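Now for the letters of each chain:
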Amino acid sequence: MDNRAEVREFLMTRRARLAPADVGLVAGANRRVAGLRRSEVAMLADVSVDYYAKLERGDIAGASSAVLESLARALLLDETERMHLFDLARAADGIPTSGRNRRRATTQQPARPALQHTLHAITGGPAFVRDRHQNLVATNSLGAAFYAPVIGAGGRTPNLARFQFLDPASRDFYPDWDLFARMCVGIMRVEAGRHPHDRVLQDLVGELTTRSDTFARLWSAHDVRTHGTGTKRFRHPIVGDLTLVYEELTVTADDGLSLLIYTAEPGSPSAERLQLLASWSATAPASVRPPE
């Protein structure tokens, strides 16, 4: 991806969303811009207007940590946005975010046996491993049943982003579809900042941009987010509505992999429905049971 364009558009969209009142400034009359002026951001960040204009043109290489921190404060960036700005600056400097040498993106590999065994040891809720390209690399038994609409029966590689934006079934599976769409794109934006030379990720973004107007619109907004923890709602074709809490953990032994676990509040209707889904998965004929 074009790092200069990424920097330029990220800074411009962050500036455009702020009103003078948001940062303690008086708007005054005859303003021609919806957000802050470049001169106002420069003043808040304690840099010259010319230097900030240079940064906003995408020329961020060589910017010091102090300047980046000042810029993050001036633009009221949250922690995820701040990390994204630093990732973009590292990429401009030619420094891989991970501190390791850049590697070519490789095709998806099967999960390690030990990782798959770990997943199967998790029996209280759906658990799965996702890579940075939004592929479902592996699931436990309940996770396979839970993500049956995503996995399908055709032996395809399940991809959460493609399912979200290209499969009409996603609007049934995700009652809060718009929220899920923004989350998905925000997570992908973070990964694009961390791995600007990842050809697989670039190809996925290109595919979704050309095939989904919604993805293209959200991608152009340059919003970023991390996953971590939270609550999500689902509507499963077998057991109906589910409200689940999720936790995301980094798989430190495998670059780019995350382990996610969904659980329901004990004694809740969602917990009962998860138990029903587990029973269905255990007794369903192999011909209708999704692969793990």
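Before going into details, it helps to say that this report is about the structure given with it.

Rules used throughout
- Residues numbered from 1 in each chain as written.
- Predicted model: local features only at pLDDT ≥ 70, side-chain atom pairs only at ≥ 80, totals over all residues.
- Heavy atoms only, no water.
- Helix = DSSP H or I, 4+ residues; strand = E, 2+ residues; numbered from the N terminus.
- Buried < 20%, exposed > 50% of the residue type's maximum accessible area, 1.4 Å probe, protein only.
- Contact = heavy atoms within 4.5 Å.
- Areas by Shrake-Rupley, 256 points an atom, 1.4 Å probe, with all protein chains shown as cover.
- Core = buried A, V, L, I, M, F, W, Y, C linked by side-chain atoms within 4.5 Å.
- 1 Å grid on protein atoms, 1.4 Å probe; cavity = no way out; pocket = protein on both sides within 12 Å on 5 of 7 lines; lining within 4 Å.
- Points joined across faces, edges and corners; volume = space filled by probe spheres on them.
- Nonpolar A, V, L, I, M, F, W, Y, C, P; charged D, E, K, R; others polar.
- Pairing = 2+ DSSP bridges.
- Axes fitted to C-alpha atoms, helices over the stretch in contact; angles between N-to-C directions.
- Phe/Tyr/Trp six-rings, centres within 6.5 Å; stacked < 30°, edge-to-face > 60°.
- Lys NZ or Arg CZ within 6 Å of the ring centre and 35° of its normal.

1. Structural notes on the overall build of the chain
Piece 1. Looking only at helices and strands, one finds 14 helices and 5 strands in the chain.
Piece 2. Burial statistics for the chain: of 292 residues in total, 46% are counted as buried.
Piece 3. Partitioning the intrachain contacts of the chain with sequence separation of at least 6 by distance along the chain shows that 58% fall at a separation of at least 24.
Piece 4. Surface exposure of the chain reaches about 14,700 Å², of which carbon and sulfur atoms provide 51%.

2. Description of the nonpolar core
Soluble globular proteins tend to bury their nonpolar side chains together.
Piece 1. Ranked by size, the top nonpolar core spans 41 residues in total, and within it Phe-146, Tyr-147, Phe-165, Tyr-174, Met-188 and Phe-234 carry the most contacts.
Piece 2. Ranked by the residues each element gives to this core, the list is headed by helix H11 (residues 177-194), at 8 residues.
Piece 3. In contact with Met-188, other than residues within four places in its own chain, are Gln-134, Ala-161, Leu-201, Leu-204, Val-205, Leu-208, Phe-215 and Trp-219.
Piece 4. Residues Val-23, Leu-36, Val-47 and Ala-74 belong to the second largest nonpolar core, which totals 25 residues.

3. Quick word on empty space enclosed by the protein
Piece 1. What the rule picks out here adds up to 2 cavities of 30 Å³ or more.
Piece 2. If you add up the space inside the largest cavity, you get close to 160 Å³.
Piece 3. Counting residues per element, the ones that place at least two in the lining of the largest cavity are strand E1 (127-130), helix H9 (160-166), H11 and strand E3 (229-236).
Piece 4. By residue class, the composition of the lining of the largest cavity is 10 nonpolar, 3 polar and 2 charged.

4. Observations concerning the sheet that holds strand E5 (residues 258-263)
Piece 1. The 5 strands are arranged E2-E1-E5-E4-E3 in an open sheet whose pairing can be described as antiparallel. Two strands close off the open sheet at either side, each with one partner strand: strand E2 (136-139) and E3. Mean inter-strand twist for the sheet, computed between neighbouring axes without regard to direction, equals 30 degrees.
Piece 2. Note that E1 and E2 share 3 bridges and pair antiparallel. The residue of E2 that forms the bridge with Arg-130 is Leu-136.
Piece 3. The sheet contacts of helix H6 (residues 113-121) involve E1, E2 and E5, and relative to E2 the element is tilted by about 55 degrees.
Piece 4. Strand contacts of H11: E1, E3 and strand E4 (240-250), with the helix running at about 130 degrees to E3, the strand carrying the most contacts.

5. Some points on the packing of aromatic side chains
For any pair of aromatic rings, the description rests on two quantities: the centre-to-centre distance and the angle between the ring planes.
Piece 1. In the structure shown here, the tally under the stated rule is 19 aromatic pairs.
Piece 2. We note Arg-171 situated over the ring of Trp-177; from NZ or CZ to the ring centre the distance is 3.7 Å.
Piece 3. It is Arg-189 that lies over the ring of Trp-219; its NZ or CZ is 3.8 Å from the centre.

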